Amino acid sequence: MIRTIRKSIILTGVLVLSNLARAEIVTYDDLPRLVRSKNRLVQASAANASAMEARNSYLAQSFLPKISATTGTQLLETNSLTSQPLQAYRIESYINVYNGGRDELEEKIRDTVHQAATFEINRDLTQQLLVARRLYWRILSIQELIELQEQALARNIEHIKAAKRRIAAGVATRSDLLQFELQGTALTQDLKRARLDLDLAKNQLTITIGVSNHSEIQIKGSLTHPPHLELRNSQVNPANLPEIAALKKRKNALELEAEKFNTAWAPQLDVYSDFGQPTYIDRDGRVGSERVEWFVGLRVKLDLSDSVTDKKDATAKLLLAQAADLRADNQLQQVQALQHELQHELPLQHELLHDADTTSMQAEQLMKLTMDEYNRGVKNGTELLAAAQQLLSVQKRGIEQRRDYYITRSELLSLLGN
């Protein structure tokens, strides 16, 4: 029997070690690297920025020549019985000389859109990192809560043993035992719920950090009492806020598009060349004569219909730019208001942590005294249960307050660009 138990213990240890070896350990310092390299939204933003970068360097290519060539055979019937074939060809080319500044504006538009896409990478990275940090602190709080409830269950078992001893001694009734058994059932139910909450939170974190299996990650860390406030006097620099910078760049791109549309009234000037052998229709009256033509000159184009349409589009783009600017201003005001709120919330939460430490020590002392008095027959089961429930409630509140502090701190760090 003893040998069987030893084998079971060894097998369990091997399985635990195997799971630990397979599990991916995630710490707080790992989150930026994981989000940057594995988060799908961040990867999508990076791909979008790469796509915008691939469209840059437009101005130089606008001066490359445009060439078209045609060839074919034409049959000319000279009478009802005979026909005379003629080979004809034509090569046309033109080079842009002046386009009303539209090509240079297009270059600026593409570069500005690329800059906006680059800021959007940082925006998505900041947002997803904040999501990951919130989940990280939540997972740590659930893990500590599970440990706390397991300790409460172990303590409740000791209370059950004490109640049975008192019942056997005839100094207590079965009602004491029933109270602790009911408390044990409630604690077990809460423990099952906490374990499910932990599984769900890990599952959500895997999406953010790009891990394939949430059951194979271990979250390392602790909700220790934080150091003194180091972010009290920090200030948000609007230039460091990627979401606002991206909106400003989008606004600049829209203004450049409006300027480009406003140049529609400017004509397009090309150096034009035409070389080839004309068809019968294009020849003079000397049928059958061979002739090659070459023409070099300037060509001016102006589309009045498109000019009217582009003028309307220019007005629309300016309105869209105004909307983007208003969104950026509104976002900045929201950020400044949130910073004000967080910098006032954080000191209060830190102060509450000191109060929580004090009340936790008091609740532990009360629990110890009540247990001692219960064993000596001074207190009854109801009083012991109340002390145990109060201790658990105070400890839970302490975990939640430390969790809330670190989440608030993460939100402030996100505003500061960290």
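Attention here is on the structure that accompanies the text. Because the structure is a prediction, the values reported are computed rather than measured.

1. Focus on the overall build of the protein chain
Inference 1: Within the protein chain, the secondary structure is distributed over eight helices and six strands.
Inference 2: For the protein chain, with 418 residues in total, the buried portion stands at 37%.
Inference 3: A separation of at least 24 residues holds for 82% of the contacts in the protein chain among residues at least 6 apart in sequence.

2. Some points on the packing of helix 2 (residues 31-38) against helix 4 (residues 102-169)
Inference 1: The contact between helix 2 and helix 4 brings their axes to 10 Å, and the two run at 130 degrees. Looking at the two axes, helix 2 sits oblique to helix 4. For the element pair helix 2 and helix 4, the recorded crossing hand is right-handed. Of the residues in helix 4, those touching helix 2 at Leu31, Pro32, Val35 and Arg36 are Leu125, Gln128, Leu129, Ala132, Arg133 and Tyr136.
Inference 2: For the contact of helix 2 with helix 4, the class distribution of residues is seven nonpolar, one polar and two charged.

3. What to know about helix 6 (residues 242-262)
Inference 1: Here helix 6 contains 21 residues, and its C-alpha end-to-end distance of 30 Å stays within 8% of the 30 Å for a straight helix at 1.5 Å per residue.
Inference 2: The inward-facing, buried residues of helix 6 contact helix 4 and helix 7 (304-375).

4. Regarding the side chain of Gln183
Inference 1: You can see Gln183 is positioned in helix 5 (residues 174-209).
Inference 2: Given the relative accessible area of 12%, Gln183 is considered buried.
Inference 3: Ignoring sequence-local partners within four residues, the contact set of Gln183 consists of Asn156, Leu385 and Gln389.

Cut-offs applied
- Residues numbered from 1 in each chain as written.
- Predicted model: local features only at pLDDT ≥ 70, side-chain atom pairs only at ≥ 80, totals over all residues.
- Heavy atoms only, no water.
- Helix = DSSP H or I, 4+ residues; strand = E, 2+ residues; numbered from the N terminus.
- Buried < 20%, exposed > 50% of the residue type's maximum accessible area, 1.4 Å probe, protein only.
- Contact = heavy atoms within 4.5 Å.
- Axes fitted to C-alpha atoms, helices over the stretch in contact; angles between N-to-C directions.
- Parallel < 35°, antiparallel > 145°, perpendicular 65-115°, else oblique.
- Left-handed = near helix turned anticlockwise from the far one by under 90°.
- Nonpolar A, V, L, I, M, F, W, Y, C, P; charged D, E, K, R; others polar.
- Expected span 1.5 Å × (residues − 1).

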